[in-house]
Amino acid sequence: FRTDQNKMKFSLFAIVGVVTTVSAFSPSTFLRATPVAHKAASSSALCMKYKVAVVGGGPSGACAAEIFAQEKGIDTVLFERKLNNAKPCGGAIPLCMVGEFDIPETVVDRKVRKMNLISPTGVEVNIGETLKADEYIGMCRREILDTFLRDRAIDYGAEIVNGLVTSIDVPSDHKTANSQYTINYQAFQEGKSVGVPASMNVDVIIGADGANSRVAKAMDAGQYNYAIAFQERIKISDEKMKFYEEMAEMYVGDDVSPDFYGWVFPKYDHVGVGTGTVINRPAIKQYQKAIRERAGDKIEGGKIIKVEAHPIPEHYRPRRVNGRMALVGDAAGYVTKCSGEGIYFAAKSGRMAAEEIVKLMDGGKRLPTQAEIESTYLSKYDKEYGPTYFVLDALQKVFYSNNGAREAFVELCNSKYVQQVTFDSYLYKRVQGNNPLDDLKLLGETIGCLIRGYSNAKPDAPISNPVESLNRL
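1. Brief notes about the overall build of the protein
Here is step 1 of the chain: A tally of helices and strands in the protein yields 14 helices and 18 strands.
Here is step 2 of the chain: Classification of the 473 residues of the protein by burial places 59% in the buried group.
Here is step 3 of the chain: Element-wise, carbon and sulfur atoms account for 53% of the exposed surface of the protein, whose accessible area totals about 19200 Å².

Written out as structure tokens, the structure is:
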């Protein structure tokens, strides 16, 4: 599913954010087998088998490991520190991901076909009327999705290591010679409260270990701004749960976030209620309290069964490839602004990086160079998705900057044309059916909505965090 860059118009990106609203060690209930003995790289040129290490077992790492594991000339090792990890995440996946990555329906908790978008003054717009009967946004629990993808990589032959990578020794000549990297980690062992120190020599490293990536640190990938995402899983009554059977909610307003949105997303037997911010991270619990209050009676009486928080990257890392080390997913910074979508881009980047590196390795006969990885994986990914990140960043600055713009954003989403291009772009990651006349009308409507929004909205509350507020807008 390729984005048609030539058709990329204002109408798509002005609204795309609506739909995409999206103990280091513990014994895992999902651990399927006893630890596998590590395969030592052979020193014989006649039977040499290069070893690829994928650090991180989320969607990006699992999808990368799956590709590497199918190549018989490569040994694939997948590191994951916590095999039953439940990352705080809205859990929304587009319909195209279900087909492209062969996701079974058992992994999808809910099929969302409607979305309530609520403005700062309480104006509600219900979108989703343009969806066809077989179209939906999939809602998943990350512990279920990640386990499915990881198990599939293991079935193809990836060796799983339940351990926390602590550091990576990078040889000084790794860009010019075939010197191996040394991964140092703490291996989980049943019955022990702390990890057992261990190390492994590998030839290629894929960093899929999230926003706090140890691989990124080892390769001097540089820093980036990050948001704090905070989510509570709330168990509500069956009667209240019926409202969220096919419904998700997205709340905007400076009370729930000064630069993002709050959400209520349905899961298997509960709802995920959360928010996020970059420019005022110390106030995240204040914003979380506000989103609970905005949801009001719909979640009243619910029991909080899990509290989650996690950093979410805001832009690409300054460096995503160094020698034979490459970053994917959150570690690379592949989360879109405005919508906060990350799961699809994580899985896609992991698969794309692995496919390109496998081709470069020519059946395990050679190792790729930094220049080759950059000219294939990075070049193709940036060409396909770079404009999306750029435009969504600009739109977040326009529509999430103050309450007047947020009111305009909600009003604009009343347009059936807006809803159509939004769902088409999100569900299938492609632009279709754009009408130049409708695009021109939409531009006029946008200006009108902004004028009305600014005239009716209450001023934003001042943020007493001048240092972080400079990070955005």
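2. Re the sheet that holds strand β4 (residues 110–112)
Here is step 1 of the chain: Pairing is antiparallel in the open sheet, where three strands are placed in the order β3-β7-β4. Among the strands making up the open sheet, the edge pair consists of β3 (92–93) and β4.
Here is step 2 of the chain: For β4 and strand β7 (residues 137–139), the ladder comprises three bridges, and the chain directions are antiparallel. When the bridges of β7 are listed, V112 appears paired with I137.

3. Some remarks on a nonpolar patch on the surface
Here is step 1 of the chain: A surface patch of nonpolar side chains, about 410 Å² in accessible area, is lined by L440, L443, I447 and I451.
Here is step 2 of the chain: Counting through the fold element by element, L440 comes out in helix α13 (residues 436–456).
Here is step 3 of the chain: Taking the relative accessible area as the measure of exposure, L440 reaches 59% and is therefore exposed.

4. Some words on the nonpolar core
Here is step 1 of the chain: If you look at the biggest cluster of nonpolar residues, it comprises 110 residues, and the most contacted ones within it are F68, F79, I183 and Y377.
Here is step 2 of the chain: Counting residues per element, this core draws most heavily on helix α9 (residues 343–361), at eleven residues.
Here is step 3 of the chain: Dropping the residues within four chain positions of it, F79 is found in contact with A53, V54, V55, G56, G57, V161, V165, I183, Y185 and M200.

5. Regarding the sheet that holds strand β8 (residues 159–169)
Hydrogen bonding along the main chain pairs the strands of a sheet, whether they run parallel or antiparallel.
Here is step 1 of the chain: Taken together, the eight strands give an open sheet; going across it, the order is β10-β9-β8-β2-β1-β11-β18-β17, and neighbouring strands pair in mixed fashion. Looking at strand neighbours, the two that pair on one side only are β10 (196–202) and β17 (321–322), the edges of this open sheet.
Here is step 2 of the chain: Of the strand pairs in this sheet, strand β9 (residues 181–187) and β10 are connected by seven bridges, and their pairing is antiparallel. Looking at β10, one finds that I183 is bridged to M200.

6. Remarks on the pairing of strand β1 (residues 50–55)
Here is step 1 of the chain: Taken across its six residues, β1 has six buried, putting it largely inside the fold.
Here is step 2 of the chain: Neither face of β1 is left uncovered, since the one carrying Y50, V52 and V54 and the one carrying K51, A53 and V55 both have all their residues buried.
Here is step 3 of the chain: Relative to strand β2 (residues 74–80), β1 runs parallel, the two sharing six bridges. When the sheet's bridge partners are listed, Y50 is paired in β2 with I74.
Here is step 4 of the chain: For the crossover from β1 across helix α2 (residues 59–69) to β2, the handedness is right-handed.

What counts, and at which threshold
- Residues numbered from 1 in each chain as written.
- Predicted model: local features only at pLDDT ≥ 70, side-chain atom pairs only at ≥ 80, totals over all residues.
- Heavy atoms only, no water.
- Helix = DSSP H or I, 4+ residues; strand = E, 2+ residues; numbered from the N terminus.
- Buried < 20%, exposed > 50% of the residue type's maximum accessible area, 1.4 Å probe, protein only.
- Areas by Shrake-Rupley, 256 points an atom, 1.4 Å probe, with all protein chains shown as cover.
- Pairing = 2+ DSSP bridges.
- Patch = residues over 30% accessible without salt bridge, like charges linked within 9 Å, V, L, I, M, F, W, Y side chains within 5 Å.
- Salt bridge = Lys/Arg side-chain N within 4 Å of Asp/Glu carboxyl O.
- Core = buried A, V, L, I, M, F, W, Y, C linked by side-chain atoms within 4.5 Å.
- Contact = heavy atoms within 4.5 Å.
- Right-handed = clockwise from strand over helix to strand, strands pointing away.

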